[in-house]
Each structure stands twice: as C-alpha cells, then as structure tokens.
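# Per-entry structural report
Read off the chains here:
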Amino acid sequence: MSELTIFDSHTHINDPAFTTDLPDVIKRAHAWGVKKMLVLAGDEASFGRLQQLWQIDNNIYGAAGCHPEDAVRFNTTELDELAQKFKFPQMKALGEIGLDYHCSVEPKIQQEVFQQQLELARELNVPVSIHNRDAFEDTYRILKAAHVGDFGAIMHSFNGDTSWSKKFLDLGMNLSFSGVVTFKNAVEVREAFLATPLDRILVETDAPYLAPVPYRGQQNEPGFTRLTVEYLADLRQLPVEKFAKQTYQNTLKILRI
C-alpha cells in the first residue's frame, strides 16, 4: 500500500460508537495514510471526549457547534459556552452548523440558531463547517448574507449538483466530499466534484456514518478516507499521491493550521 498524506476534514470519533476500540481506530487511520483529523463536537459530552483525544494524538483538531437537530436547546448561555471552547488552540472551526429540514425542528428556529453561530464565527474569525439536508435554498441565502468568504466555510459532505456547487464556490467556500460520492446513485455529486477546482476540495468520512463503497452500511472510520481519496483521484485521472496531498494542503489552509 503506497504512502499517502490525508486529512479527514470531518469525523466523529468522539462518538460512543468508538468507545471500545478507539486506539485501534486511530492506529488504522495512520496506517492508511490519514495523518490528521478534524473531530466535531455537538454537546458537552462529545466535547469532553474530544479533549481526551487531544491527550492521545496531537494531530487531532477540534470543532464545536450546535447541530440543527439540537437547535431547540440553543440559547445565549449555550452561545457563550460555545465561544469559550475556542480558548483551546486545537479548536480550528465552528461546526457542524446549518439547516436540516429532514428533522422535526421548526425551520425558523434552525435559521435563527444558524445565523447566531455564523455571527459568532465572524467575531472569532474561525471557519465554519456547514450541514445541509433538504435545505439548499435557505442554507445558501443565509450563508450569502453572512459573507462567509470573509472567515471561511466548508460544505460538509457536499451532496448537491453542479448548479449548487457553483453557487457555494462563488461564496468562497470549500466543498468536502465523503463516502457518499462512491454510492452508485450519487451521479450528480460526482459531476459536481469533477467541476470543482482542485484547490477547493476537501475529503472526509463523517465517521461513524456514510462509509464508502465497499463498506457502505457498515460503521465508518477515519482510515476509510483513503478509499474516498483513491476513488476521487481515479475520477479526476490524477495520481492518488498528488490528489491526497492537494486535499491535505487545502484542509491545512482553510483551518489555518
């Protein structure tokens, strides 16, 4: 297996799903070429586990934010507590935040919480990791109004077509591709990937979710970023080492590492 340099730009190895074999998961990730990871925390428990990960591996970085599914619990106290998390130097992004119209939380509440966190990201001058599900129009409208290009933004697990990829790229955003791009029915996502400039592409697992083919439906882990990298490099007809290094450098740049 050739040596690669990969950055998993969005993973949840602080999820309870990894409680029993976390050291092995990290070891396998490094063996497969995943040198660094951005781990997302959505509540106090997952942030506590993120802090423990920093003691294990100094190539693990953090992000925190209120996921749209949890928007009903968000208030000014939570906003202040979120801001305090960025006193840690390992914290590199605010997220994942955004809109999810597949869940039961009222869209208006989601939008208000989304906007509050975008304002905080501007104040902190940190990039944001964006979650979007069934909410392209409103996600784009809110991001455009926030001028996210000023502080940086990543469309996490991008799942749109080329018309939407162009809109988000025009806002100055980066697009992150997960195992979804390997799914048979993800034709539009692959077309969007092929139309995205190389210097705006990130890769991710979203582990424990969205495992790429041939592990679709199984528990995902950071090491599987390699499978997505190999698949995408082949789509672009690029040497896998070159593509891996480019996405690694792109991630360092957006996260200011």
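Scroll up to find the structure.
Now for a look at the structure at hand. (Residues numbered from 1 in each chain as written. Predicted model: local features only at pLDDT ≥ 70, side-chain atom pairs only at ≥ 80, totals over all residues. Heavy atoms only, no water.)

## Focus: the pattern of salt bridges
Going through the model one piece at a time under the given rule, you end up with ten salt bridges. The network of salt bridges with common partners includes Asp21, Arg28 and Glu221. (Salt bridge = Lys/Arg side-chain N within 4 Å of Asp/Glu carboxyl O.)

## Let's talk about the pairing of strand E7 (residues 174-177)
The alternating pattern of E7 places Asn174 and Ser176 on one face and Leu175 and Phe177 on the opposite face, and all of these are buried. With two bridges joining them, strand E6 (residues 153-155) and E7 adopt parallel strand pairing. In the strand pairing of E7, methionine 155 is matched with leucine 175. Between E6 and its parallel partner E7, the chain crosses via helix H6 (residues 162-170), and the hand of that crossover is right-handed. With three bridges joining them, E7 and strand E8 (residues 201-203) adopt parallel strand pairing. By the bridge assignment, leucine 175 is partnered in E8 with isoleucine 201. The β-α-β motif built from E7, the intervening helix H7 (residues 187-194) and the parallel element E8 has right-handed crossover chirality. (Buried < 20%, exposed > 50% of the residue type's maximum accessible area, 1.4 Å probe, protein only. Helix = DSSP H or I, 4+ residues; strand = E, 2+ residues; numbered from the N terminus. Pairing = 2+ DSSP bridges. Right-handed = clockwise from strand over helix to strand, strands pointing away.)

## Quick notes on unusual backbone geometry
In most cases, non-glycine residues show a negative phi, while peptide bonds are predominantly trans. Along the chain, glycine 95 connects to glutamate 96 via a cis peptide bond; the corresponding omega equals 5°. One can find glutamate 96 in strand E4 (residues 91-100). A positive phi angle, near 60°, is found at aspartate 206, a position not held by glycine. Relative to the helices and strands, aspartate 206 is located in the loop between E8 and helix H8 (225-236). Judged by relative accessible area, aspartate 206 falls into the buried class, the value being 8%.

## Things to note about the environment of glutamate 3
With respect to the helices and strands, glutamate 3 occurs in the segment before strand E1 (6-11). Separated by 31 residues in sequence, glutamate 3 and valine 34 place their C-alpha atoms 9.9 Å apart. Polar side-chain contacts of glutamate 3 include one of 2.4 Å to the side chain of lysine 35. (Polar contact = N/O pair within 3.5 Å; in protein donor to acceptor, adjacent residues only side chain to side chain.)

## Describing the side chain of glutamate 221
Following the sequence through the fold, glutamate 221 ends up in the loop between E8 and H8. Residues in contact with glutamate 221, not counting those within four places in the same chain, are Phe18, Val25, Arg28, Thr205 and Ala207. (Contact = heavy atoms within 4.5 Å.)

## Looking at the packing of helix H3 (residues 76-85) against helix H4 (residues 107-124)
The interhelical angle for the contact between H3 and H4, taken along N-to-C directions, is 35°, at an axis separation of 11 Å. Every pair of crossing elements has a handedness; the one defined by H3 and H4 is right-handed. On the side of H3, the interface is formed by Leu79, Leu82 and Ala83, while H4 contributes Gln116, Gln117, Leu120 and Leu124. Looking at side-chain class alone, the contact of H3 with H4 contains five nonpolar, two polar and no charged residues. (Axes fitted to C-alpha atoms, helices over the stretch in contact; angles between N-to-C directions. Left-handed = near helix turned anticlockwise from the far one by under 90°. Nonpolar A, V, L, I, M, F, W, Y, C, P; charged D, E, K, R; others polar.)

## A few points about the packing of H7 against H8
The packing of two helices is summarised by the inter-axis angle and the distance between the axes. Where H7 meets H8, the closest approach of the two axes is 10 Å, and the angle between their N-to-C directions is 65°. Our classification of the angle between H7 and H8 gives roughly perpendicular. Considering only the axes of H7 and H8, their crossing is right-handed. In this structure, H7 uses Arg190, Phe193 and Leu194 to contact H8, whose residues at the interface are Tyr231, Leu232, Leu235 and Arg236. Residues that form the contact of H7 with H8 fall into these classes: five nonpolar, no polar and two charged. (Parallel < 35°, antiparallel > 145°, perpendicular 65-115°, else oblique.)

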